[in-house]
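# Fold and contact review
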Amino acid sequence: MRRVRQAIVVEGKHDAIRVHAAVEAVVVTTDGFRLFKDTEKMALLRRLAATRGLVILTDSDSAGGVIRSHLQGSIPAEQMVQAYVPPIPGKERRKPAPSKEGLLGVEGMDAAVIITALERAGVTFEDEQAPQRESLGLTKADLMELGLTGHPDAATRRKRLLTALDLPGYLSAGRLLEVLNTTVTTEEWEDLLVKMGE
């Protein structure tokens with residue numbers, strides 16, 4: 001089993017169980033929105049971020065986005081990497097009904113999907129060379145030129161791009177820019193532009 005150097009932050013205990021089935025890592029749960037008032041948990045996350053780095057791996061729904069945003073506002077960006085599971089419709093076996101948005105959470109993902117999300121985020125697997133990703137170097141002006149921001153149909157175009165990348169639909173233009181520059185290779189970007197007709 002591959003070992004991840006960074007600590008992985010997930011929402012709940014069932015997410016943690018699924019991540020532990022995929023990789024060996026320190027996994028910390030936010031316990032949902034309880035994190036917002038839990039000063040001790042935030043202190044732990046800040047310490048882990050400073051000493052070993054954090055991987056944020058929340059669900060693809062809007063609640064996962066709120067928790068991710070809270071963490072991004074509380075911990076320096078250089079101490080975190082963002083890992084995203086694809087927004088797959090469905091429900092977890094243990095739940096009587098699907099989530100509000102009808103998407104599987106981290107707990108509903110196969111181990112291979114979790115590993116792929118971690119690899120795309122550029123996590124450091126121990127005993128392996130840390131991945132060296134060259135940034136695409138995209139700017140907000142590039143997104144505007146591509147019609148992904150500042151245009152009447154920007155939200156629709158952004159949604160198409162997010163779907164093509166298997167990313168949550170709630171990502172803002174700024175967050176999309178960060179994800180593109182840190183997880184997408186030049187070759188993947190060129191292929192996406194062709195598919196989108198750019």
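Let me sum up the structure you'll find in this document. Source: prediction; values computed, not measured. (Residues numbered from 1 in each chain as written. Predicted model: local features only at pLDDT ≥ 70, side-chain atom pairs only at ≥ 80, totals over all residues. Heavy atoms only, no water.)

Each pair of packed helices gets described by two things: the angle between the helix axes and the distance between those axes. Packing of helix α2 (residues 39–51) against helix α3 (residues 62–74) leaves a shortest axis separation of 11 Å and a crossing angle of 65°. Considering how the two elements wind past one another, α2 and α3 form a crossing that is right-handed. Listed contacts from α3 to M42, L45 and R46 of α2 are H70, L71 and S74. Tallied by class, the residues present in the contact of α2 with α3 amount to three nonpolar, two polar and one charged. (Axes fitted to C-alpha atoms, helices over the stretch in contact; angles between N-to-C directions. Helix = DSSP H or I, 4+ residues; strand = E, 2+ residues; numbered from the N terminus. Left-handed = near helix turned anticlockwise from the far one by under 90°. Contact = heavy atoms within 4.5 Å. Nonpolar A, V, L, I, M, F, W, Y, C, P; charged D, E, K, R; others polar.)

Moving on, we get to the nonpolar core. By size, the foremost hydrophobic cluster in this structure holds 23 residues, and its most contacted members are I8, V19, V23, L57 and L118. Contributions of two or more residues to this core are made by β1 (7–10), α1 (13–22) and α4 (111–121). At four residues, α4 tops the list of elements feeding residues into this core. Each residue touching V23, except ones within four places of it in the same chain, is listed here: M1, R2, V4, I8, I115, L118 and F125. If you look at the next biggest cluster of nonpolar residues, it comprises 20 residues, including L136, L138, L162 and L167. (Core = buried A, V, L, I, M, F, W, Y, C linked by side-chain atoms within 4.5 Å. Buried < 20%, exposed > 50% of the residue type's maximum accessible area, 1.4 Å probe, protein only.)

Burial along β1 is two-sided: the face carrying A7 and V9 and the face carrying I8 and V10 are both buried. Note that β1 and strand β3 (residues 54–56) share three bridges and pair parallel. Across the sheet, residue I8 finds its bridge partner in β3, namely V55. With three bridges connecting them, β1 and strand β2 (residues 27–29) associate as parallel partners. The partner of I8 across the bridge, within β2, is V27. After leaving β1, the chain enters α1 and then returns to the sheet as β2, a path that is right-handed. (Pairing = 2+ DSSP bridges. Right-handed = clockwise from strand over helix to strand, strands pointing away.)

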